[in-house]
Amino acid sequence: MDTPPASTASSRHQGRLGRDVQAKIGNQLRAIYDDVVNEGVPDRFVELLKRLDEKGERGNEP
Amino acid sequence: MTLDPSVRDAVLTAVPSLRAFAISLSGNVDRADDLVQETLLRALANIDSFEPGSNMPAWLFTILRNLFRSEYRKRRREVEDADGSYAQSLKSQPEQTGHVEFQEFRGALNKLPPDQREALILVGASGFSYEEAAEICGCAVGTIKSRVNRARARLADMLSIESMEDFGPDHATRAILAGGSR
């Protein structure tokens, strides 16, 4: 860790993490998650919904 | 079934995040996309049970999670992991995106118990509140909070151990990879 803990409030609860550690974890987590999110909606799902919709319009199943 | 356009839009809007969640559960893009597809089929077949105006993403995440859970349980029974091959297949899936700097983190994330990983992702990446995450996972809010805390603590533990290895020869290799692969 390159920054000292901002406070030792951590001693109150063992295993309480420093804010910098939490931030680092949060950033990395969001980065790998957003990598996928930024791919948008793959065509197969757009087509799937379109297909389901058309099926419904052509005649509702009994 | 004729889809209300606003419902369809709400479903499509949730897809990117559903995929990211599915990948984090299954560790595999193809399986994740199948899971998302199954989720959408299931959701639209039961669209009448969705209350208009309520939380569409949370509803879809709940369906996806339940599908994954039942599929995973079934598979584990089938294989019963005599030689650990199913567990191995989960671990050896290729990374979906090739950012070298996240490989360590991804590795640590995959080592978390599934309950903790899913709680951390729902709250820390999908942006659900503790209450929503509890609803999705079918457990108490306090359970989610403690899972998230334990997940963070374990990650911090694993990553600081691994970052000590950064001073070894592997560090140089990684630096070259990081510099050369862009």
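Residues numbered from 1 in each chain as written. Chains lettered and ligands numbered in written order. Predicted model: local features only at pLDDT ≥ 70, side-chain atom pairs only at ≥ 80, totals over all residues.

**Notes on the packing of helix 1 (residues 5–26) of chain B against helix 2 (residues 29–45) of chain B**
Residue and element names in this part refer to chain B. What counts is decided by this rule: Think of each axis as a best-fit line through the C-alpha atoms, taken over the contacting stretch in the case of a helix, with angles from 0 to 180 degrees between the N-to-C directions. For helices the rule is a DSSP run of H or I covering at least 4 residues; for strands it is a run of E covering at least 2, with both sets numbered from the N terminus onward. Just so you know how the angles are binned, under 35 degrees is roughly parallel, over 145 roughly antiparallel, 65 to 115 roughly perpendicular, and the rest oblique. Two helices cross in a left-handed way if the nearer one is turned anticlockwise from the farther one by less than a right angle. They cross in a right-handed way if the turn is clockwise. Contact criterion: two residues are in contact if their C-beta atoms, reconstructed from the backbone, are within 7 Å. Polarity classes work like this: nonpolar for Ala, Val, Leu, Ile, Met, Phe, Trp, Tyr, Cys and Pro, charged for Asp, Glu, Lys and Arg, and polar for all others, with Gly in that last group.
As a packed pair, helix 1 and helix 2 sit with axes 8 Å apart at the nearest point and diverge in direction by 135°. By the angle class used here, helix 1 and helix 2 are oblique. Crossing handedness for the pair helix 1 and helix 2: right-handed. Contacts between helix 1 and helix 2 pair Val11, Val15, Leu18, Arg19, Ala22, Ile23 and Ser26 from the former with Val29, Arg31, Ala32, Asp33, Leu35, Val36, Thr39, Leu40 and Ala43 from the latter. Residue classes in the contact of helix 1 with helix 2 are distributed as 11 nonpolar, 2 polar and 3 charged.

**Remarks on the interface of chain A and chain B**
Chain A puts 27 residues into the contact, and the matching count from chain B is 30 residues. Where the side of chain A that touches chain B is concerned, the elements lending two or more residues are helix 1 (19–37) and helix 2 (43–58) of chain A. Looking at the side of chain A that touches chain B, the element that brings in the most residues is helix 1 of chain A, giving 13 residues.

**Details of the packing of helix 6 (residues 114–124) of chain B against helix 7 (residues 130–137) of chain B**
Residues and elements named next belong to chain B. Where helix 6 meets helix 7, the closest approach of the two axes is 9 Å, and the angle between their N-to-C directions is 140°. Classified by the angle between their axes, helix 6 and helix 7 sit oblique to one another. By crossing handedness, the relation of helix 6 to helix 7 is classed as right-handed. Contacts between helix 6 and helix 7 involve Glu118, Ala119, Leu122 and Val123 from the first element and Tyr130, Ala133, Ile136 and Cys137 from the second. Looking at the contact of helix 6 with helix 7 residue by residue, the classes come out as 7 nonpolar, no polar and 1 charged.

**Focus on the nonpolar core**
The following threshold applies: By convention in this section, buried Ala, Val, Leu, Ile, Met, Phe, Trp, Tyr and Cys residues joined through C-beta atoms within 7 Å make up a nonpolar core. With C-beta atoms placed from the backbone, a residue is labelled by how many other C-beta atoms lie within 10 Å of its own: buried for 20 or more, exposed for 12 or fewer, partly exposed between the two. Note: domain ranges come from an automatic or database domain assignment.
With 44 residues, the main nonpolar core has Leu18, Ala22, Val36, Leu60, Leu64 and Ala133 of chain B as its most contacted residues. If one sorts the elements of this core by residue count, helix 1 of chain B sits on top with 9 residues. Split by domain, this core shows at least three residues from each of two domains, domain 1 (1–95) and domain 2 (97–182) of chain B. Discounting chain neighbours no more than four positions away, the residues touching valine 36 of chain B are Phe45 of chain A together with Val15, Leu18, Arg19, Ala22 and Leu64 of chain B.

**Side note on the domain arrangement of chain B**
You'll often see interface size given as the accessible area lost when the parts meet. Residues and elements named next belong to chain B. When the domains of chain B are assigned, the result is domain 1 (1–95) and domain 2 (97–182). Taken together, the 12 residues of domain 1 in the interface contact 14 residues of domain 2. Mapped by element, the contributors of at least two residues to the side of domain 1 that touches domain 2 are helix 1 and helix 3 (56–79). Classifying every residue of the side of domain 1 that touches domain 2 by side-chain character gives 4 nonpolar, 5 polar and 3 charged.

**Side note on the environment of glutamate 38 of chain B**
Along the chain, glutamate 38 of chain B falls in helix 2. With 73 residues separating them in the primary sequence, glutamate 38 of chain B and lysine 111 of chain B have C-alpha atoms 26 Å apart.

**Quick notes on helix 1 of chain A**
All names here are of chain A. We count it as follows: One less than the number of residues in a helix, times 1.5 Å, gives the span that helix is expected to have. Arc definition: it is the arc formed by the directions from the helix axis to the C-beta atoms.
Compared with the 27 Å implied by 1.5 Å per residue over 19 residues, the 26 Å span of helix 1 between its first and last C-alpha is a close match. Buried within helix 1 are the following residues: Ile25, Gln28, Leu29, Ile32, Tyr33 and Val36. End-on view of helix 1: buried residues confined to an arc of 125°, all on one side of the axis. Of the exposed residues in helix 1, those oriented more than 90 degrees away from the buried face are Ala23 and Asn27.

**Examining the confidence of the model for chain B**
Residues and elements named next belong to chain B. Threshold: Per-residue confidence from the predictor is reported as pLDDT, which spans 0 to 100.
For chain B, the average pLDDT comes to 82, and 73% of its residues sit at 70 or higher. Element-level mean pLDDT values for chain B span from 51 in helix 4 (residues 85–91) up to 97 in helix 7. Per-residue pLDDT stays below 50 along residues 91–98; that stretch engages in 9 contacts with residues further than four places along the chain or on separate chains. The low-confidence segment residues 164–169, where pLDDT is below 50, has 2 contacts with residues more than four positions distant or belonging to other chains.

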